[in-house]
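The lines below spell out each chain.
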Amino acid sequence: MLELSDTIERAPDGADTSAGVVAGMALKRRTLSVDKTTDQTTPTRQTEWMLAVRDRRDKQAFAQLFDFYAPRIKAMALRTGMSGAEAEDIVQEVLLTAWRKAAQFDPARAQVSSWIYQIARNRQVDLVRKERRPVPEALTLPEEDEGDAGQMLALTQEADKLRQALSALAPDQREMVEKAYLGELSHTEIQAQTGLPLGTIKSRIRLGLERLRHELKELR
Amino acid sequence: MNTIRHHISQPLLAAYASGALPHPFALVVAAHVSMCDDCRARLEAEQAAGGVVLEALECADLSGGLKASVLTLLDDDPAPARAEPRAIGPYPAPVIEALGGQPPRWRALGLGTRQRIIHASDAGTVRLLHIPAGQAVPDHGHNGLEMTLVLQGSFSDDCGTFGVGDVEIADQDLEHTPVAGKGMPCICLAATDAPLKFNSLLPRMLQPILRI
């Protein structure tokens, strides 16, 4: 699949990454998507691998997921200051959990990366606390229907936009966003980041909200 | 389903998604999200952002044998589905799970108010409170953050009226006297990261005993 982020003009030097710039990027993105319609109709490789694992217990596909996620999960774990061996224990536990709980993966609700992120964060929190991390009640999901393909693609596009917003950030801003999502900032520190970096991400998140909200209402 | 008007703020949702939110508040967020589709959508959006951050991380080198050893651990049968906790009465699933699968056993606090402490540690305290209809919770301020989620009935204070599913987020700038609504007792899930400051002598004296 074409890496869209590489084809997009970066924000000009010195420009801030306010919602305006992001909105501008979204506009360019829209023009692009007209030319690249074919790219918009395929799920990501990760989604295909994960569905093969879920539906066929496909070990080859799992190996592909391993190659993509293991080095990233390890990088995430190493940031907490643990040793390489400890970080690889986390990698192993997270990916084995993904294998065992594959039935819970629903591409219409979450990207593979988002799902793996949740498993990895749960694991890291459980490591430092006695109590299991509280999680919301699982929704009872109806059987998949035709609408799901559309939702899955909408989610893929939303993630593409988030990815672009992240790659357009200045290095120090990007570092701040990474810290926030990797559990290195407290909620008060996140709150204090009313400035640009998280604002950019937030504006992207807001765009995805209406769709997600609509989807969830349909489940009721 | 009634309309929820008071939600979890974005920084708190992001902190919950990242795992940085202290346990007492994480329980309130998980309970609210169980009751509120809007916040579930907003949380999933935060998790999508987290996924993108994970994807974009610079890869770490793996030791040679890791992949092979993980692959040998793959079993062919999917794990038997663990029974997911479910809500019981007004108590959302994460609260039931924290209570060990049972509705709460209460302790009397005096004047008809009851409580059940779910968790108390350096990270803070999270408790269930059961307040008789129309009765006030002693006037108090906060040393830190307080999150209160209504599970049954309602309460009102200077900030407004909070019904089932609503969450009030209060910090040290707020001194309030919540009063339970009429009709039925108010049950709420309240998390604090520091002891409450009561403005009258008697509750202050009882505080060490009651741990409120």
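Given the structure is predicted, the values throughout are model-derived calculations rather than measurements.

J.: Could you give me a rundown of the overall build of chain A, with the residues and numbers involved?
T.: A tally of helices and strands in chain A yields 11 helices and 0 strands. Seen in sequence order, chain A has helices and strands lined up from the N terminus as α-α-α-α-α-α-α-α-α-α-α. Considering chain A as a whole, with its 220 residues, one finds that 48% of them fall into the buried category. A separation threshold of at least 6 residues defines the contact pool for chain A, and within that pool the share at least 24 residues apart is 68%. Of the roughly 10700 Å² of accessible surface on chain A, a fraction of 51% belongs to carbon and sulfur atoms.

J.: Explain the overall build of chain B to me, and be specific about the residues and the numbers.
T.: Per the secondary structure count, chain B includes 6 helices and 11 strands. When contacts within chain B are restricted to residue pairs at least 6 apart in sequence, those whose partners lie at least 24 apart make up 66%.

J.: Explain the nonpolar core to me, and be specific about the residues and the numbers.
T.: Core analysis: the largest hydrophobic core is formed by 87 residues, its most contacted members being Tyr-69, Leu-95 and Ile-116 of chain A together with Leu-189 of chain B. Looking at which element gives the most residues to this core, the answer is helix H5 (residues 59-78) of chain A, with 11 residues. In this view, Ile-116 of chain A contacts Tyr-69, Ile-73, Val-94, Leu-95 and Ala-98 of chain A together with Leu-54 of chain B; residues no more than four positions away in its chain are not counted.

J.: Go over the interface of chain A and chain B, please, and point to the residues and values.
T.: With 67 residues of chain A at the contact, the number on the chain B side is 67 residues. Around 6200 Å² of area is buried between chain A and chain B when both sides are counted, 62% of it from carbon and sulfur atoms. Of all residues in chain A, Pro-134, Glu-137 and His-187 of chain A give up the largest surface area on contact with chain B, accounting jointly for 12% of the area buried on that side. Taken together, the connections running from chain A to chain B amount to 5 salt bridges. Asp-67 of chain A is the partner of Lys-67 of chain B in a salt bridge, and the nearest nitrogen-oxygen pair spans 3.0 Å.

J.: Lay out the packing of aromatic side chains with the relevant residues and their values.
T.: Under the definition given, this model contains 4 aromatic pairs over all chains. Ring geometry for Phe-62 of chain A versus Trp-99 of chain A: centroids 5.5 Å apart, planes at 80 degrees, classification edge-to-face. Of this pair, Phe-62 of chain A sits in helix H5 while Trp-99 of chain A sits in helix H6 (residues 84-100), placing them 37 residues apart in sequence. The same class applies to Phe-62 of chain A and to Trp-99 of chain A, which are both buried. On the numbers, 5.1 Å between centres and 20 degrees between planes, the contact of Phe-155 of chain B with Phe-162 of chain B is stacked. For the pair Phe-155 of chain B and Phe-162 of chain B, a shared accessibility class is recorded, and that class is buried. Against the face of Trp-99 of chain A rests Arg-57 of chain A, its NZ or CZ located 4.1 Å from the ring centre.

J.: Account for the pattern of salt bridges, with residues named and values stated.
T.: Residues and elements named next belong to chain A. Summed over all chains, the structure comprises 15 salt bridges over all chains. In this structure, the salt-bridge partner of Glu-178 is Arg-79, at a minimum N-O distance of 2.9 Å. Placement of the pair is Glu-178 in helix H9 (residues 171-181) and Arg-79 in the loop between H5 and H6, with a sequence separation of 99 residues. Note on Glu-178: relative accessible area 9%, which makes it buried.

J.: Account for helix H4 (residues 45-56) of chain A, with residues named and values stated.
T.: Residues and elements named next belong to chain A. Across its 12 residues, H4 extends 16 Å between first and last C-alpha, which sits within 8% of the 16 Å expected from 1.5 Å per residue. Regarding H4, the residues found buried are Gln-46, Thr-47, Trp-49, Met-50, Ala-52, Val-53 and Arg-54. Arg-57 lies just past H4 and shows a positive phi near 50 degrees.

J.: Tell me about unusual backbone geometry, and name the residues and values.
T.: Look at Arg-57 of chain A: it is not a glycine, yet its phi comes out positive at around 50 degrees. Residue classification places Arg-57 of chain A among the buried residues on the basis of a relative accessible area of 18%. Within the chain, Leu-111 of chain B stands out as a residue other than glycine whose phi angle is a positive 55 degrees. Position of Leu-111 of chain B among the secondary structure elements: in the loop between strand S1 (107-110) and strand S2 (113-121).

J.: Explain the environment of Cys-39 of chain B to me, using residue names and the numbers behind them.
T.: Residues and elements named next belong to chain B. Within the secondary structure, Cys-39 is located in helix H3 (residues 37-56). Between the C-alpha atoms of Cys-39 and Ser-9, which are 30 residues apart in sequence, the distance is 9.1 Å. Residue contacts for Cys-39: discarding those within four places in its chain leaves His-7, Ile-8, Leu-13, His-32 and Val-33.

J.: Would you mind going over the packing of H5 of chain A against H6 of chain A in detail, with residue names and values included?
T.: Residues and elements named next belong to chain A. For the pair H5 and H6, interaxial distance at closest approach is 9 Å and the crossing angle is 140 degrees. Taken as axis vectors, H5 and H6 run oblique relative to one another. Helix-helix and strand crossings are classified by hand; for H5 and H6 the assignment is right-handed. Across the interface between the two elements, Lys-59, Phe-62, Phe-66, Tyr-69, Ala-70, Ile-73, Lys-74, Ala-77 and Leu-78 of H5 pack against Gly-84, Ala-87, Glu-88, Ile-90, Val-91, Val-94, Leu-95 and Trp-99 of H6. Taken together, the residues of the contact of H5 with H6 break down into 13 nonpolar, 1 polar and 3 charged.

How each quantity is defined
Residues numbered from 1 in each chain as written. Chains lettered and ligands numbered in written order. Predicted model: local features only at pLDDT ≥ 70, side-chain atom pairs only at ≥ 80, totals over all residues. Heavy atoms only, no water. Helix = DSSP H or I, 4+ residues; strand = E, 2+ residues; numbered from the N terminus. Buried < 20%, exposed > 50% of the residue type's maximum accessible area, 1.4 Å probe, protein only. Contact = heavy atoms within 4.5 Å. Areas by Shrake-Rupley, 256 points an atom, 1.4 Å probe, with all protein chains shown as cover. Core = buried A, V, L, I, M, F, W, Y, C linked by side-chain atoms within 4.5 Å. Buried area = accessible area lost by both parts, 1.4 Å probe. Salt bridge = Lys/Arg side-chain N within 4 Å of Asp/Glu carboxyl O. Phe/Tyr/Trp six-rings, centres within 6.5 Å; stacked < 30°, edge-to-face > 60°. Lys NZ or Arg CZ within 6 Å of the ring centre and 35° of its normal. Expected span 1.5 Å × (residues − 1). Axes fitted to C-alpha atoms, helices over the stretch in contact; angles between N-to-C directions. Parallel < 35°, antiparallel > 145°, perpendicular 65-115°, else oblique. Left-handed = near helix turned anticlockwise from the far one by under 90°. Nonpolar A, V, L, I, M, F, W, Y, C, P; charged D, E, K, R; others polar.

Purely geometric numbers; function is a separate question.
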